[in-house]
Amino acid sequence: MAQITLYGPREAPFVLKFELALGLKKLDFTQEVPSGPEDYKRWSPETGLLPVIDVDGTRVHDSSAILDFLDERFPEPPLVSSDPKAASSQRTLESWAEETFFFYWMSYLRTLVRGDEEVAVEGSAAPRAGPRSRLSRRKKAPTLNLAEGLGKEFGQRLDDLVNFLGSRPFFYSDRVSRADLAVYSFLNYIPETAGPVKAIVHSRQPLVDLMARVEAAVRS
């Protein structure tokens, strides 16, 4: 039996993608979670980036390379379609989804941080605003407007995913692939505290159903 160790923080989309891939292939593994910056450098000395996977002493870096390695070493079930055209589309969608939703998620976080700073300054300048009032204002989180700007664009990208999915149970195939794992990982990563963003995902029923099918495939 192969000895597999996954190095990476919990509840991170790239790490979750590999957890799902290992689960889909029914491979047992252990996970090492970093406790500080020194672990990133120790486990990934060349780039300092995680996740990294170690299989019987062979350590593999980079998101796409890890899945390629797993498919070569443990080919069943495959993470891409046997049809070359569909496989190419799945790989392309995997990269697109990760780049796109990483950008929107980081942009959303920056929006929250800027909004929080603006509210804090406003509170400190308000007439007769004492320390208690300023503290309560600082903790107030801004609301993301889903009808325009960042929220509208995020919704459009979700609609793109719905169109890519079409009537198929999974992207470009009847079987789960690395594209489905990538999309699931990022959409599932959005915490409940990001209420408006979570709600806009749940409003796309085809994506909700897709995520349920991915979970069922990994558990089966």
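Heads up: these notes are all about the structure in this document. (Residues numbered from 1 in each chain as written. Predicted model: local features only at pLDDT ≥ 70, side-chain atom pairs only at ≥ 80, totals over all residues. Heavy atoms only, no water.)

1. Comments concerning the packing of helix H1 (residues 13–24) against helix H7 (residues 178–189)
Two quantities define a packed helix pair, namely the angle between the axes and the distance from one axis to the other. Axis separation between H1 and H7 bottoms out at 8 Å; the angle between their running directions is 130 degrees. The angle between H1 and H7 falls in the class oblique. Between H1 and H7 lies a crossing of right-handed hand. Contacts between H1 and H7 pair Pro13, Phe14, Leu16, Lys17, Leu20 and Ala21 from the former with Leu181, Ala182, Tyr184, Ser185, Phe186, Asn188 and Tyr189 from the latter. Looking at side-chain class alone, the contact of H1 with H7 contains 10 nonpolar, 2 polar and 1 charged residues. (Axes fitted to C-alpha atoms, helices over the stretch in contact; angles between N-to-C directions. Helix = DSSP H or I, 4+ residues; strand = E, 2+ residues; numbered from the N terminus. Parallel < 35°, antiparallel > 145°, perpendicular 65-115°, else oblique. Left-handed = near helix turned anticlockwise from the far one by under 90°. Contact = heavy atoms within 4.5 Å. Nonpolar A, V, L, I, M, F, W, Y, C, P; charged D, E, K, R; others polar.)

2. Regarding the packing of aromatic side chains
Each aromatic ring pair is characterised by the separation of its centres together with the angle its planes make. One pass over the structure, following the stated rule, counts 5 aromatic pairs. Between tryptophan 96 and phenylalanine 101, the aromatic rings sit 6.0 Å apart at their centres with planes inclined by 90 degrees, giving edge-to-face as the arrangement. When its relative accessible area of 24% is taken as the criterion, tryptophan 96 is described as partly exposed. Taking relative accessible area as the criterion, phenylalanine 101 reaches 4% and is therefore assigned buried. (Phe/Tyr/Trp six-rings, centres within 6.5 Å; stacked < 30°, edge-to-face > 60°. Buried < 20%, exposed > 50% of the residue type's maximum accessible area, 1.4 Å probe, protein only.)

3. Some details on the pairing of strand S3 (residues 52–55)
What you see with S3 is no split at all: Val52 and Asp54 on one side and Ile53 and Val55 on the other are buried throughout. Sheet topology places strand S1 (residues 4–7) next to S3; 4 bridges connect them, and they run antiparallel. The residue bridging threonine 5 from the neighbouring strand is aspartate 54, located in S3. Note that S3 and strand S4 (residues 58–60) share 3 bridges and pair antiparallel. When the sheet's bridge partners are listed, valine 55 is paired in S4 with threonine 58. Hairpin connection, S3 to S4: the antiparallel pair is bridged by 2 residues, and aspartate 56 has positive phi, about 50 degrees. (Pairing = 2+ DSSP bridges.)

4. Comments concerning the environment of alanine 212
For alanine 212, the position within the fold is in helix H9 (residues 205–219). Between the C-alpha atom of alanine 212 and that of tyrosine 184, which follows or precedes it by 28 residues, the distance is 9.3 Å.

5. Some details on the pairing of S1
A two-sided burial pattern is seen for S1, the buried positions comprising Ile4 and Leu6 on one face and Thr5 and Tyr7 on the other. Bridge count between S1 and strand S2 (residues 30–32): 3 bridges; the pairing is parallel. Each bridged residue has a counterpart across the sheet, and for tyrosine 7 the counterpart in S2 is glutamate 32.

6. A short note on the side chain of glutamate 98
Here glutamate 98 is to be found in helix H4 (residues 84–125). Beyond its immediate stretch of four places on either side in the chain, glutamate 98 contacts Phe14, Lys17, Ser63, Ala182 and Phe186.

7. Considerations on helix H3 (residues 63–73)
Along H3, the residues that are buried comprise Ser63, Ile66, Leu67, Phe69, Leu70 and Asp71. Where H3 begins, one side-chain oxygen reaches toward the backbone nitrogen of serine 64, 3.3 Å away; that side chain belongs to aspartate 62. (Polar contact = N/O pair within 3.5 Å; in protein donor to acceptor, adjacent residues only side chain to side chain.)

8. Description of the packing of H1 against H3
Between H1 and H3, the shortest axis-to-axis distance is 11 Å and the interhelical angle comes to 5 degrees. Here H1 is positioned roughly parallel relative to H3, judged by the angle of their axes. Counted together, Phe14, Lys17, Phe18, Ala21 and Leu22 of H1 and Ser63, Ile66, Leu67 and Leu70 of H3 form the full contact between these two elements.

9. Concerning the side chain of serine 173
Its location among the elements puts serine 173 in the loop between helix H6 (149–165) and H7. On the accessibility criterion, serine 173 (14% relative accessible area) is buried. Side-chain polar atoms of serine 173 contact the backbone nitrogen of arginine 175, separated by 3.0 Å. Apart from residues lying up to four places away in sequence, serine 173 is in contact with Gln90 and Arg168.

10. With respect to the environment of serine 81
Here serine 81 shows up in the loop between H3 and H4. For the pair serine 81 and tyrosine 172, spaced 91 residues apart in sequence, the C-alpha to C-alpha distance is 8.2 Å. Residues contacting serine 81, with those up to four places away along its chain left out, are Ala86, Ala87 and Gln90. In terms of polar contacts, serine 81 uses its side chain to reach the backbone amide nitrogen of aspartate 83, at 3.0 Å.

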